[in-house]
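Structural overview
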Amino acid sequence: MPSLAEEELFLTSKPGKSKDKSHTMHRHFHRCFASTSTMFLWALFLVALTASYLSFQSFVDNSSKYLSTAWGGIQWEKQVRASAQIHRTNGFSVLVTGAAGFVGTHVSLALKKRGDGIVGLDNFNNYYDPTLKKARKSILNSHNIFIVEGDINDARMLAKLFDIVAFTHVMHLAAQAGVRYAMKNPNSYVHSNIAGLVTLLEECKNANPQPAIVWASSSSVYGLNEKVPFSESDRTDQPASLYAATKKAGEEITHTYNHIYGLSVTGLRFFTVYGPWGRPDMAYFSFTRNILQGKPITIYRGKNRVDLARDFTYIDDIVKGCMASLDTAKNSTGSGGKKQGPAQYRIFNLGNTSPVTVPMMVGILEKHLKNKAKKNFIEMPGNGDVPFTHANISSARTELGYKPTTDLQTGLKKFVRWYLSYSGYNHDKFVM
Ligand SMILES: O=C(O)[C@H]1O[C@H](OP(=O)(O)OP(=O)(O)OC[C@H]2O[C@@H](n3ccc(=O)[nH]c3=O)[C@H](O)[C@@H]2O)[C@H](O)[C@@H](O)[C@H]1O
């Protein structure tokens, strides 16, 4: 929009302001309007003038729309700095990507609680209802955690963040999640899990000091591996979904940055994480919603009607694993974009070590919800699913002190309580 001064200038800059000039102009007008053709020319001139004013305005509007971004500016920088402030001795300043996501929200709160500085980053995409992400953001804001609205593919924005804050760590949780959605929208996985990851690593490698990176890989990298429980040294070269393939690629890509630039990297293979503020696309969440609404649920089965099973892992256990990973991460060794020595590279399973079948998980939900599910069993479609997951966590136990303590029964009870309250149901009517 033109400034007020500009508008005033435009509107008052008509000919004939002084008396002398006005007199001359008056005569001039008379002469001009004497002929019809001159009048026509004047009309044409006025129309052209109005049209060019309007098109100038729309140009200014469009330009400012195009140029306006969700980040930048003095106020924004102030908020970033304040949020990154460390409030404990030897504390961290952590950039948490995917901060308005399920795991991101919980980890951010845990970091804040112990006095670390956090800057959150999230693109608030609509893979699932962004209302839930906005609700998580409100909680984070109420704890003085600032969330930058932006995409990890935005190198300029990332460079700006690293300019403002000397992050000690990056907790990289932003990703396109979901195993089956990869068949519907494969490019979203490439965009976030490959291209976005590389953009982020480029900025981390250029940063001075380089941060240590802890990031979310996935149990899905084990793909068609049949050796149980899954150990970090097992085969991960047979992904069953594009999601798994992009997470596996992430492990290789982070290794490259570790090797060439000296970035300290810890990859965490999460096993089907669940709990309050979880993801609505996951089975336990959508089953809960359908059971309460009296809608049917579809339960997949393997060949010969074998039940599928998951090593469901409660969010609080995952948060402990993330915190321990940050605490034990060594510094990156690079500087000025160049490696100065070998850097730490680790991969850990973060699971629960006790797989539960999907029908058993549904049984627990039915009990907590005091409601029977309308179950449709179908053979597992070829959609990227794997028949079971089971974590061997001995590495994480030894090196991180990771020790999951929440079983599915207890964890789902906590989830159901949260879900009922979040969705406005009456608790007492449901949870046992
Ligand atoms: O550990 C991971 O790396 C992944 O965990 C999660 O994937 P999954 O373990 O597949 O969880 P989820 O979709 O809840 O399906 C659970 C079970 O329900 C079955 N399932 C699913 C849907 C349905 O309608 N019916 C059904 O039987 C289904 O066949 C499966 O057996 C994350 O979503 C993923 O982002 C990634 O982080």
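Quick notes on the rules
- Residues numbered from 1 in each chain as written.
- Predicted model: local features only at pLDDT ≥ 70, side-chain atom pairs only at ≥ 80, totals over all residues.
- Heavy atoms only, no water.
- UniProt positions renumbered as here; feature names shortened; annotations may be inferred.
- Helix = DSSP H or I, 4+ residues; strand = E, 2+ residues; numbered from the N terminus.
- Disulfide = S-S within 2.5 Å.
- Buried < 20%, exposed > 50% of the residue type's maximum accessible area, 1.4 Å probe, protein only.
- Axes fitted to C-alpha atoms, helices over the stretch in contact; angles between N-to-C directions.
- Parallel < 35°, antiparallel > 145°, perpendicular 65-115°, else oblique.
- Contact = heavy atoms within 4.5 Å.
- Nonpolar A, V, L, I, M, F, W, Y, C, P; charged D, E, K, R; others polar.
- Near = heavy atom within 4 Å.
- Polar contact = N/O pair within 3.5 Å; in protein donor to acceptor, adjacent residues only side chain to side chain.
- Areas by Shrake-Rupley, 256 points an atom, 1.4 Å probe, with all protein chains shown as cover.
- Pairing = 2+ DSSP bridges.
- Core = buried A, V, L, I, M, F, W, Y, C linked by side-chain atoms within 4.5 Å.
- Salt bridge = Lys/Arg side-chain N within 4 Å of Asp/Glu carboxyl O.

Moving on, we come to the UniProt feature "domain: NAD-dependent epimerase/dehydratase" (unreviewed entry) in the chain. Annotation from UniProt places "domain: NAD-dependent epimerase/dehydratase" (unreviewed entry) at residues 94-331. In the segment residues 94-331, helix accounts for 42% and strand for 18%; the C-alpha atoms at its two ends are 13 Å apart.

Turning our eyes to something else, we now look at the state of the cysteines. Two cysteines form a disulfide when their sulfur atoms are joined by a covalent bond. This model, assessed by the stated rule, comprises zero disulfides. Of all cysteine sulfurs in the structure, the one in Cys322 sits closest to Cys204, which takes part in no disulfide; the separation is 16 Å. With a relative accessible area of 0%, Cys204 lands in the buried category.

With omega at 5°, the peptide bond leading from Asn208 into Pro209 counts as cis. Examined against the element boundaries, Pro209 turns out to sit in the loop between helix H8 (186-206) and strand E5 (212-218). Following Val228, the chain continues to Pro229 via a peptide bond in cis, the omega torsion being -15°. Within the secondary structure, Pro229 is located in the loop between E5 and helix H9 (242-261). Positive phi outside glycine occurs at Thr272, with the angle close to 30°. Along the chain, Thr272 falls in the loop between strand E6 (265-270) and strand E7 (273-274). Overall, Thr272 belongs to the buried group, its relative accessible area being 18%. The backbone of Thr353 sits at a positive phi, close to 70°, despite the residue not being glycine. Along the chain, Thr353 falls in the loop between strand E11 (345-350) and strand E12 (356-357).

Before going further, it helps to spend a moment on the packing of helix H5 (residues 102-113) against helix H6 (residues 130-142). Think of two packed helices as two axes; the pair is described by the angle between the axes and how far apart they sit. Relative to each other, H5 and H6 sit at 10°, their axes nearing to 10 Å. Regarding the angle of H5 to H6, the classification is roughly parallel. For the pair H5 and H6, the contacting residues are Phe102, Thr105, Ser108 and Leu109 in the first and Arg136, Ile139 and Leu140 in the second. For the contact of H5 with H6, the class distribution of residues is four nonpolar, two polar and one charged.

Before going further, it helps to examine the site of the ligand. As a structural note, the neighbourhood of the ligand is formed by 22 residues, with Arg180, Ser218, Ser219, Arg310 and Asp385 the closest of them. A distance of 3.1 Å separates an oxygen atom of the ligand from a polar atom in the backbone of Phe270. The contact in question runs from an oxygen atom of the ligand to an N or O atom on the backbone of Ala283, over 2.8 Å. Compared with its free state, where it exposes 690 Å², the ligand has 92% of that area covered by protein. Those elements giving two or more residues to the shell around the ligand turn out to be helix H10 (283-293) and strand E8 (296-301).

Moving on to the sheet that holds E6. Reading across the sheet, the seven strands line up as E3-E2-E1-E4-E5-E6-E11 and stay open at both edges, with parallel pairing between neighbours. Strands at the two margins of the open sheet, each flanked by one partner only, are strand E3 (146-149) and E11. Averaged over all pairs of adjacent strands, the angle between their axes in this sheet comes to 20°, without regard to strand direction. Direction of pairing for strand E4 (residues 169-172) relative to E5: parallel, over a ladder of four bridges. In the sheet register, His169 faces E5, and the bridge partner there is Ala212. H8 rests against strand E1 (93-97), E4 and E5 of the sheet, and its axis sits at about 175° to E4.

Along the chain, Arg88 falls in the loop between helix H4 (74-84) and E1. With residues up to four places along the chain from it excluded, the contact list for Arg88 reads Arg114, Gly115 and Asp116. Among the polar contacts listed, one links the side chain of Arg88 to the side chain of Asp116, at a separation of 2.8 Å.

Counting 70 residues, the largest nonpolar core has Val103, Met171, Phe270, Tyr284 and Met361 as its most contacted members. Excluding residues within four positions of it along the chain, Phe270 makes contact with Val103, Leu173, Ala216, Ser217, Ser218, Ser219, Ile318, Cys322 and Leu350. One finds Trp71, Leu95, Cys204 and Ile253 within the second-largest nonpolar core, a separate group that totals 31 residues.

To continue, consider the pattern of salt bridges. Counted according to the given criterion, the structure contains 20 salt bridges. Between Asp116 and Arg88 there is a salt bridge; the shortest N-O distance is 2.8 Å. Taken together, the residues Asp116 in the loop between H5 and strand E2 (117-122) and Arg88 in the loop between H4 and E1 connect sequence positions 28 residues apart. What makes Asp116 buried here is its relative accessible area of 0%.

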